Amino acid sequence: MNQSQNQILNQIPSIPFIDLKTQQELIRSNVDLAIQKVLDHGQYIMGPEVHELEKQLSSFCGAKHVISCANGTDALGIALMAKNVGPGDAIFVPSFTFAATAEVVAWTGATPIFIDSHPDTYNMDPRSLEIGIHTAKKLGLRPSAIIPVDLFGQPADYDAIQAIANEYHLWILADGAQSFGAKYKDKYVGNIGEIATTSFFPAKPLGCYGDGGAIFTNDDEIAAIIKSLRVHGQGTDKYDNVRIGMNGRLDTIQAAILIEKLKIFNKEIEHRQFIADLYNKELKNIVQIPHVLENVSSVWAQYTIRLPKKCNRSKLMTDLKAFGIPSMIYYVKPLHLQKAYQTYPVAGQQSLEICDVLSEDVLSLPMSGYIDEKSALYVTEYLKMLLNSN
Ligand SMILES: *Cc1c(COP(=O)(O)O)cnc(C)c1O
């Protein structure tokens with residue numbers, strides 16, 4: 001390697017796809033103290049931090065009841081259990097999502113019906129939802145609930161989905177695993193749908209240092225059932241078992257960490273919006289940028305573009321990587337095409353057209369509360385250059 005090549009290599013930045021390290025450096029001393037406090041009091045299970053976190057999450061999003069739990073998948077599963085979902089029920093889920101959304105439906109013995117996505121927002125398409133309801137009826141299933149996913153941080157089209165839910169007497173379980181902190185009109189995620197859930201997986205917008213999740217509802221009765229399900233279907237205590245439950249608690253240490261993260265969360269959301277605006281401005285003429293509905297905000301769990309048809313995506317990703325720019329594909333394969341789920345029905349007769357094309361042309365760019373303006377501009381400059389020569 002000659003000197004000038006070396007120089008170029010030395011200038012290649014290392015931009016993290018999601019920058020958790022900078023955040024940790026910022027809050028490390030407070031997190032250390034918070035963990036120390038838990039070690040001192042020793043209430044590792046359901047300690048005071050768990051209740052404090054639930055209180056703070058409730059005042060953040062406005063939901064009356066917040067029940068923390070072990071992860072975002074359990075959160076969804078517990079919600080379905082609380083509503084007695086089971087065999088014969090049809091539950092409508094997007095196909096273009098993370099597997100957990102459909103997995104929990106299969107747990108209960110109910111049938112997930114896969115719904116197509118909107119090409120601009122990537123979220124569940126209400127028109128396809130309506131088709132899916134008819135598909136379920138034709139199959140002799142009982143249309144029961146809708147699980148809209150707030151993909152990449154943007155709440156789904158809840159007004160349209162709620163109207164369909166009302167018409168067909170369905171209830172809504174809002175999967176906000178990627179969207180806690182976002183707003184649909186005047187409501188925060190967590191305060192939308194009959195039950196809502198989120199995940200505190202480290203890479204989510206509000207993440208802990210391990211697994212974690214939460215369930216939200218304004219319904220007193222459902223909240224009481226969820227609390228019981230979280231601890232082995234407990235009645236007066238966990239040795240009084242009134243229903244089949246599970247061990248679904250959030251660790252006290254994770255709650256303590258989340259309390260520290262919540263303090264800086266609004267500032268991080270603002271920064272994510274700033275970076276998304278910058279990406280939008282720089283990229284709007286060369287790729288399809290993400291579309292956010294009017295009066296809706298995204299927390300930008302991912303900033304996901306759609307590449308032009310002629311673009312060779314895998315080559316582009318390799319070339320970006322050579323310049324120090326990581327990129328990811330969420331999701332390479334929609335769920336209805338995955339081996340584990342391909343026997344479940346899709347809305348309508350054929351495959352899900354939009355999911356299929358999305359999985360072929362989406363690309364997610366580096367995003368977090370800590371990517372600086374200079375790095376974001378570096379990403380867009382090289383992306384533009386590489387798209388020109390791709
Ligand atoms: C991450 C995620 C989940 C599951 O959350 P875990 O905490 O990882 O179990 C569920 N749904 C969606 C849409 C997700 O992105």
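What counts, and at which threshold
Every residue gets a number counted from 1 within its own chain, in the order that chain's sequence is written. Local features in this predicted model are restricted to residues of pLDDT 70 or higher, and side-chain atom pairs are both shown and tallied only at a pLDDT of 80 or more, whereas totals for entire chains, interfaces and linings draw on every residue. Side-chain numbers here rest on the full set of heavy atoms in the structure, without hydrogens or water. We count a stretch as a helix when DSSP gives it H or I for four or more residues in a row; a strand needs E for two or more, and each element gets its number in order from the N terminus. This radius of gyration counts C-alpha atoms alone. The globule rule is 2.2 Å times how many residues there are, raised to the power 0.38. Summary of the burial criterion: residues with accessible area below 20% of their type's maximum are buried, those above 50% are exposed, and those between are partly exposed, where the area comes from a 1.4 Å probe applied to protein chains only. Strand pairing requires that DSSP identify at least two bridges connecting the strands. Where helices are involved, their axes are fitted lines through C-alpha atoms of the stretch in contact, as for all axes, and angles between N-to-C directions lie from 0 to 180°. One heavy atom within 4 Å of a molecule or strand makes the whole residue count as near it. Each polar contact in these results corresponds to two N or O atoms within 3.5 Å; when the atoms are within protein, one needs to be able to donate a hydrogen and the other to accept it, and residues that are neighboring in sequence are counted only if both atoms are side-chain atoms. To be clear on the numbers: accessible area is Shrake-Rupley with a 1.4 Å probe, and residue cover counts the displayed protein chains and nothing else. With a 1 Å grid spanning the protein atoms alone, the term cavity applies to any set of points in which a 1.4 Å probe fits but cannot get out, the term pocket to an open set with protein on both sides within 12 Å along at least five of seven lines, and the term lining residue to any residue with an atom within 4 Å of a point. Molecules are considered to sit inside a cavity or pocket once more than half of their atoms lie within 2 Å of its grid points. Throughout this entry, Asp, Glu, Lys and Arg are counted as charged residues, while Ala, Val, Leu, Ile, Met, Phe, Trp, Tyr, Cys and Pro are counted as nonpolar. The remaining residues, Gly among them, count as polar. Centres within 6.5 Å make a pair out of two Phe, Tyr or Trp rings, where for Trp the six-membered ring is used; the pair is then stacked when the planes are under 30 degrees apart, edge-to-face when over 60, and tilted otherwise. Take the residue count of a helix, subtract one, and multiply by 1.5 Å to get its expected span. The contact criterion used throughout is that any non-hydrogen atoms of two residues lie within 4.5 Å. An automatic or database domain assignment provides the domain bounds reported here. Buried area counts how much accessible surface, traced with a 1.4 Å probe, disappears from two parts once they are put together, with both parts' losses summed. Any carboxyl oxygen of Asp or Glu that lies within 4 Å of a side-chain nitrogen of Lys or Arg is treated as forming a salt bridge with it. UniProt positions are given in the numbering used here, feature names are shortened, and annotations may be inferred rather than shown by experiment. Grid points are joined across faces, edges and corners, and a volume is the space filled by probe spheres set on the points. Put simply, angles under 35 degrees are roughly parallel, angles over 145 are roughly antiparallel, angles from 65 to 115 are roughly perpendicular, and the rest are oblique. It is the rotation of the near helix from the far one that decides the hand of a crossing: anticlockwise by less than a right angle makes it left-handed, clockwise makes it right-handed.

(A) Local environment of the overall build of the protein. In terms of regular secondary structure, the protein is built from 13 helices and eleven strands. Whereas a compact globule of 390 residues would reach a radius of gyration of roughly 21 Å, the protein reaches 22 Å, a difference of no more than 12%. With respect to the principal axes defined by its C-alpha atoms, the protein has extents near 75 × 60 × 35 Å. Here the protein holds 390 residues, and the buried ones make up 55% of them.

(B) Highlighting the sheet that holds strand β4 (residues 142–146). Strand order in the open sheet made by the seven strands is β1-β9-β8-β5-β4-β2-β3, with mixed pairing throughout. Whereas interior strands pair on both sides, the edge strands pair on one side only; in this sheet they are β1 (65–69) and β3 (111–115). Each strand axis lies, on average, 25 degrees off the axis of its neighbour in the sheet, ignoring direction. Judged from the five bridges that link them, strand β2 (residues 89–94) and β3 form a sheet pairing that is parallel.

(C) Quick peek at the site of the ligand. The environment of the ligand is formed by 14 residues, the closest being Gly72, Thr73, Gln178, Ser199 and Lys204. Here Lys204 contributes a side-chain N or O atom positioned 2.6 Å from an oxygen atom of the ligand. Here the ligand, which alone exposes 380 Å², has 93% of that area covered by the protein. Here the ligand occupies the largest pocket. Looking at the shell around the ligand, the elements that each hand over two or more residues are α4 (72–82) and α5 (100–108). Looking at the shell around the ligand, its residues break down into four nonpolar, eight polar and two charged.

(D) Spatial organisation of the packing of aromatic side chains. Inspection of every chain in the model, using the stated rule, returns 18 aromatic pairs. The interplanar angle of 90 degrees and the centroid separation of 6.4 Å between the aromatic rings of Phe96 and Phe152 together place this pair among those described as edge-to-face. You can see Phe96 sitting in the loop between β2 and α5 and its partner Phe152 sitting in the loop between β4 and α7 (158–168), a full 56 residues away along the chain. As far as the burial class goes, Phe96 and Phe152 line up, both buried. Both rings, one in Trp300 and one in Tyr303, keep their centres 5.5 Å apart while their planes meet at 35 degrees; by these two values the pair is tilted. Like Tyr303, Trp300 is buried.

(E) Structural view of helix α13 (residues 373–389). For α13, spanning 17 residues, the distance from its first C-alpha to its last is 25 Å, which sits close to the expected 24 Å at 1.5 Å a residue. Every buried residue of α13 is accounted for by Ser375, Ala376, Tyr378, Val379, Thr380, Leu383, Leu386 and Leu387. Turning to α13, the residues buried within the fold contact α10 (265–283), β10 (303–306), α11 (313–322) and β11 (362–365).

(F) Examining the domain arrangement of the protein more closely. The domain architecture assigned to the protein consists of domain 1 (25–262) and domain 2 (265–389). Counting residues at the interface gives 47 residues for domain 1, matched by 41 residues for domain 2. Roughly 3600 Å² is buried in total at the junction of domain 1 and domain 2, and carbon and sulfur atoms are behind 64% of that figure. When the buried surface of domain 1 facing domain 2 is broken down by residue, Phe96, Phe114 and Phe152 rank first, second and third, together holding 21% of it. Counting across the domain 1 and domain 2 interface gives zero salt bridges. Between the two partners, domain 1 and domain 2, sit 24 residue pairs in polar contact (both at pLDDT 80 or more). At the level of elements, α5, β3, α6 (126–138), β6 (183–184) and α9 (252–263) are the ones that each hand at least two residues to the side of domain 1 that touches domain 2.

(G) A look at the UniProt feature "modified residue: N6-(pyridoxal phosphate)lysine" (unreviewed entry) in the protein. UniProt records the feature "modified residue: N6-(pyridoxal phosphate)lysine" (unreviewed entry) at Lys204, using the numbering of this structure. On the secondary structure map, Lys204 appears in the loop between β8 (195–199) and β9 (213–217). Discounting chain neighbours no more than four positions away, the residues touching Lys204 are Ala177, Gln178 and Ser199.

(H) Quick look at the layout of surface pockets. Each pocket or cavity is described by its volume, and for the largest pocket that value is around 440 Å³. Considering the residues around the largest pocket, the lining is formed by 24 residues, among which Phe98, Gln178, Ser199, Phe201 and Lys204 are closest to the centre. Residue assignment for the lining of the largest pocket shows that the elements contributing at least two residues are α4 and α5. Sort the elements by how many residues they give to the lining of the largest pocket and α4 lands first, with three residues. Grouping the amino acids of the lining of the largest pocket by side-chain chemistry returns twelve nonpolar, nine polar and three charged. Two domains each provide a minimum of three residues to the lining of the largest pocket, namely domain 1 (25–262) and domain 2 (265–389).

(I) Inspection of the packing of α4 against helix α8 (residues 220–230) at higher detail. Axis separation between α4 and α8 bottoms out at 9 Å; the angle between their running directions is 120 degrees. Regarding the angle of α4 to α8, the classification is oblique. For α4 against α8, the interelement crossing comes out right-handed. Contact with α4, carried on its side by Ile78, Met81 and Ala82, involves Ile222, Ile225, Ile226, Leu229 and Arg230 of α8 and no other residues of that element.

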